[in-house]
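# A closer look at the structure
Chain by chain, the residues:
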Amino acid sequence: MRKHFAFPALLLAVLLLAACGKHEHEWEDATCTEPETCAVCGETRGEALGHRWKGGGCEEPEICARCGESGGEAPGHNWQPATCTEPETCARCGETRGEALGHDAPPADYWTAGVCSRCGEEIAPLLTPDFVSYGLDAQLVELGKSYGLKTLCYENEAYSTVGKASFTAHETTPGDGDKLEIRDGYVWHIVRAEIVFDDDNAYNYGMIPGVCFESYYDIRELDDSSVYDEQTGVTRFTVTWHGVAYDCRFFRESSYLGWSDHSNTFVCTFYVQLPDGYDGFVVGFRNHGVPWPEGAYTFELDNSDTLYYRLK
Ligand SMILES: [Zn+2]
Ligand SMILES: [Zn+2]
Ligand SMILES: [Zn+2]
Ligand SMILES: [Zn+2]
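Residues numbered from 1 in each chain as written. Chains lettered and ligands numbered in written order. Predicted model: local features only at pLDDT ≥ 70, side-chain atom pairs only at ≥ 80, totals over all residues. Heavy atoms only, no water.

## A closer look at the coordination of the zinc ion (ligand 1)
Of the protein atoms, only His23 (NE2), His25 (ND1), Cys38 (SG) and Cys41 (SG) coordinate the zinc ion (ligand 1), at distances of 2.1 to 2.3 Å. For the zinc ion (ligand 1), the 4 donor atoms in the first shell make angles of 97 to 124 degrees at the metal, a pattern classed as tetrahedral. Mapped onto the sequence, the residues coordinating the zinc ion (ligand 1) show the spacing H-x1-H-x12-C-x2-C. One end of the pair, His23, is in the loop between helix H1 (2-19) and strand S1 (27-28); the other, Cys41, is in the loop between strand S2 (36-38) and strand S3 (44-45), and 18 residues separate them in sequence. Here Cys41 falls in the partly exposed class, since its relative accessible area comes to 39%. (Donors = N, O, S within 2.8 Å, 3.2 Å for Na, K, Ca; no water. Tetrahedral: all angles 85-135°; square planar, octahedral: opposite > 155°, others 65-115°. Helix = DSSP H or I, 4+ residues; strand = E, 2+ residues; numbered from the N terminus. Buried < 20%, exposed > 50% of the residue type's maximum accessible area, 1.4 Å probe, protein only.)

## A few points about the coordination of the zinc ion (ligand 2)
Protein ligation of the zinc ion (ligand 2) involves Cys32 (SG), His51 (ND1), Cys64 (SG) and Cys67 (SG), the donor distances falling in the range 2.1 to 2.3 Å. Coordination geometry of the zinc ion (ligand 2): the 4 donor atoms subtend angles of 99 to 120 degrees at the metal centre, consistent with an arrangement described as tetrahedral. All donors to the zinc ion (ligand 2) come from one chain, and their sequence spacing reads C-x18-H-x12-C-x2-C. Of this pair, His51 sits in the loop between S3 and strand S4 (53-54) while Cys64 sits in strand S5 (residues 63-64), and the two are 13 residues apart along the sequence. Taking the relative accessible area as the measure of exposure, His51 reaches 24% and is therefore partly exposed.

## Remarks on the sheet that holds strand S6 (residues 79-80)
Spatial ordering of the open sheet is given by S6-S7-S8, a layout of 3 strands whose pairing is antiparallel. Among the strands making up the open sheet, the edge pair consists of S6 and strand S8 (96-97). Of the strand pairs in this sheet, S6 and strand S7 (residues 88-90) are connected by 2 bridges, and their pairing is antiparallel. Its bridge partner being in S7, Trp79 is matched across the sheet by Cys90. (Pairing = 2+ DSSP bridges.)

## A few points about the pattern of salt bridges
For the coordinates displayed, the defined rule picks out 11 salt bridges. The partner of Glu253 in a salt bridge is Lys179, and the shortest N-O contact between them spans 3.2 Å. Placement of Glu253 in strand S17 (residues 244-256) and of Lys179 in the loop between strand S12 (160-173) and strand S13 (186-197) is noted, with a sequence separation of 74 residues between them. Where Arg236 meets Asp247, a salt bridge forms, and the shortest distance between an N and an O atom there is 2.7 Å. With Arg236 in strand S16 (residues 234-241) and Asp247 in strand S17, this pair connects stretches of sequence that are 11 residues apart. Given a relative accessible area of 43%, Arg236 falls into the partly exposed group. Connected through salt bridges with shared partners, the residues Glu181, Arg183, Arg236, Asp247 and Arg249 form a single ionic network. (Salt bridge = Lys/Arg side-chain N within 4 Å of Asp/Glu carboxyl O.)

## Looking at unusual backbone geometry
Glycine aside, residues mostly have negative phi, and peptide bonds are mostly found in the trans state. In the Ramachandran plot, His242 falls in the positive-phi region, its phi being about 50 degrees despite a non-glycine side chain. Within the secondary structure, His242 is located in the loop between S16 and S17. Even without being a glycine, Asp261 presents a positive backbone phi close to 55 degrees. The residue Asp261 is located in the loop between S17 and strand S18 (264-275) in this model.

Spelled out as structure tokens, the structure:
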């Protein structure tokens, strides 16, 4: 009877234990999305590991290094527009597309540096005026002052004389509709000058001053564009100013006052029609004894005796 009773009791205990969860849990490893879980009872402990996202980029989604799951849509590039110096560039990954735009700057001239219209950077510095490049600005003189002008004697080229030269007056006028044609956007400059010759060489052998005109900025442009009209005595030439080419006129009137008291004065009036506001025309007296070969520019010559007056 006792033995008979014992067996069902043990069985009952085991069954009761099982019902109460009293078993050895069989934990299965946690995954990205599930914590450790008992294979027998489904109980969990701890937390899911969470995905370990790796890689990805603008064009590929992230991938979980543990489970291989894909992290949704690729975001696509986030382009910033191209600039003068940088191509279109993804702000996220730095990838580029196409090429930089390059600067958009007009060429520099003597008055305006080449500045990029897009980014404002100065790409090309101001050009240097020829008178500065060639050192001719050292020969510039001031209005109303007297300067020694050495030049050749007319009747005997073995001699030279030194006159007293001055640019005495400088005025501007729109013109007179007669000798000085009136043209829109232009003004006439009238410059008066004189050279007093009163040394013995001038008195004994005569004198011949050289008269010249130049461009302060671009000597070649003025020389190369000059056309002298023998009928009228007018020289037409071009100056380019702020990108615009101007058709300019020049003529001069000169004479000697005649010998009086061992002295003779060469008087010269320069007339030049220039764009209104232009400051780059230069008139001058030079030593006629310094040869000026056909086609040579003044900066190729010795101008140490030359006196230049700049109309500005
Ligand atoms: Zn369990
Ligand atoms: Zn994962
Ligand atoms: Zn990108
Ligand atoms: Zn630029």
